[in-house]
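# What the coordinates show
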Amino acid sequence: MKKIIALGGSNSKNSINKTLATYAASKIEGVQVNIIDLNDFELPLYGADFEAEHGIPENATKLNDILKSGDGFIVSLAEHNGSYAAAFKNMIDWLSRIDLKIWNDKPMLLLATSSGARGAQTVLQTAKSFFPYLGAKVIIDFSLPSFYDNFSENEISKKDLKETLNQSIQIFEQAI
């Protein structure tokens, strides 16, 4: 059975991006889904001096092992000031010290959402260009604008957005 790793790129306890990643993963049948919460893998702020003194944190190694076990990824990114959330960027920094190809050359459905009308499109574009360097095979991406207006009762409420995401999921499914 294929294994999908889904995560929201935020350490918010009520992450809308974790919600979106979980929702998308739930639409794929016949796979095992592992939902990652960044709060379960708390990491110190990356720094070369810290690494030289203390080595790679155990939580980074554990998370790396989980990512290596996946056949594909669903990643939904939070946007903080036009970029990655600090906790997510810090995760990337630590994982890349173990293996630069943190996404293991596996297929990825790349998502982003925010409360605003642009749906975190700035960070989505950044990730689309940067993640392949980290070993991601970004198959397709999707941005959900105005999360609180377009997602309710555990699903996307606006028909055209729901159809677009469903089509994106089908394309991703074919790649895994």
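Scoring rules and cut-offs
Residues numbered from 1 in each chain as written. Predicted model: local features only at pLDDT ≥ 70, side-chain atom pairs only at ≥ 80, totals over all residues. Heavy atoms only, no water. Salt bridge = Lys/Arg side-chain N within 4 Å of Asp/Glu carboxyl O. Helix = DSSP H or I, 4+ residues; strand = E, 2+ residues; numbered from the N terminus. Buried < 20%, exposed > 50% of the residue type's maximum accessible area, 1.4 Å probe, protein only. Arc of directions from axis to C-beta. Contact = heavy atoms within 4.5 Å.

Moving on, we get to the pattern of salt bridges. Taken as a whole and judged by the stated rule, the model has 8 salt bridges. In this structure, the salt-bridge partner of E51 is R97, at a minimum N-O distance of 2.7 Å. Note that E51 is positioned in helix α2 (residues 48–54) and R97 in helix α4 (residues 86–98), a separation of 46 residues in sequence. Take R97: its relative accessible area is 45%, and that puts it in the partly exposed class.

This next bit is on helix α5 (residues 121–130). Looking at α5, one finds that the buried residues are V123, L124 and A127. Seen from one end, α5 has its buried residues packed into an arc of 105°, which puts them on one side. Looking at the buried positions of α5, the neighbouring elements they touch are β3 (72–77), β4 (106–113) and β5 (136–144).

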